[in-house]
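Each chain, written out:
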Amino acid sequence: MTDFARFDSAEKWLEIPVEVFGNQLTQSGIREAVARIAATPGKELVNLGSHEQYCYPFYARCLSDHLERLRLMAELMAEAGYSSVFPAESPESCF
């Protein structure tokens, strides 16, 4: 299932399809999702996301392993041959 994130590109709001949100899956769920994505033939673009508030210890729903989840997503995607691009650097690359 694909969710959408909204991103302000300074010119307009963009709805970016996001396949994996790090705050919604456990580390094992992230491993499964990335394995599924990596096994999809011709899959050149994958948008990953998360919500920064899950890092803050004062946030009621803080996830103690949130930064580890983000690191894991980045490492697994790199191992699968993907490289990182941030929306602020290249909004059009997110589609």
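Residues numbered from 1 in each chain as written. Predicted model: local features only at pLDDT ≥ 70, side-chain atom pairs only at ≥ 80, totals over all residues. Heavy atoms only, no water.

Draft legend 1. A look at the overall build of the chain. Helices and strands together make up the secondary structure of the chain, namely two helices and four strands. In the chain, the succession of helices and strands from N to C terminus is β-β-β-α-β-α. Counting the 95 residues in the chain, one finds 29% classified as buried. The contacts in the chain between residues at least 6 apart in sequence include a share of 59% that link residues at least 24 apart. For the chain, the exposed area adds up to about 6,500 Å²; of that, 53% sits on carbon and sulfur atoms. (Helix = DSSP H or I, 4+ residues; strand = E, 2+ residues; numbered from the N terminus. Buried < 20%, exposed > 50% of the residue type's maximum accessible area, 1.4 Å probe, protein only. Contact = heavy atoms within 4.5 Å. Areas by Shrake-Rupley, 256 points an atom, 1.4 Å probe, with all protein chains shown as cover.)

Draft legend 2. Structural view of the pattern of salt bridges. Across all of its chains, the model carries three salt bridges by this definition. A salt bridge links Lys43 to Glu19; the shortest N-O distance between them is 2.9 Å. Of this pair, Lys43 sits in the loop between helix H1 (27–38) and strand E4 (48–49) while Glu19 sits in the loop between strand E2 (13–18) and strand E3 (20–21), and the two are 24 residues apart along the sequence. Overall, Lys43 belongs to the partly exposed group, its relative accessible area being 27%. Overall, Glu19 belongs to the partly exposed group, its relative accessible area being 25%. Between Asp65 and Arg69 there is a salt bridge, with its nearest N and O atoms 2.9 Å apart. (Salt bridge = Lys/Arg side-chain N within 4 Å of Asp/Glu carboxyl O.)

Draft legend 3. Structural detail: H1. With 12 residues, H1 should reach 16 Å at 1.5 Å per residue; the first-to-last C-alpha distance of 16 Å fits that figure. By the burial criterion, the buried members of H1 are Gly29, Ile30, Ala33, Val34 and Ile37. Across the axial projection of H1, the buried residues extend over an arc of 130°, all falling on one side. Among the exposed residues of H1, those oriented more than 90 degrees off its buried face are Glu32 and Arg36. In this structure, the buried side of H1 is in contact with E3 and helix H2 (66–79). (Expected span 1.5 Å × (residues − 1). Arc of directions from axis to C-beta.)

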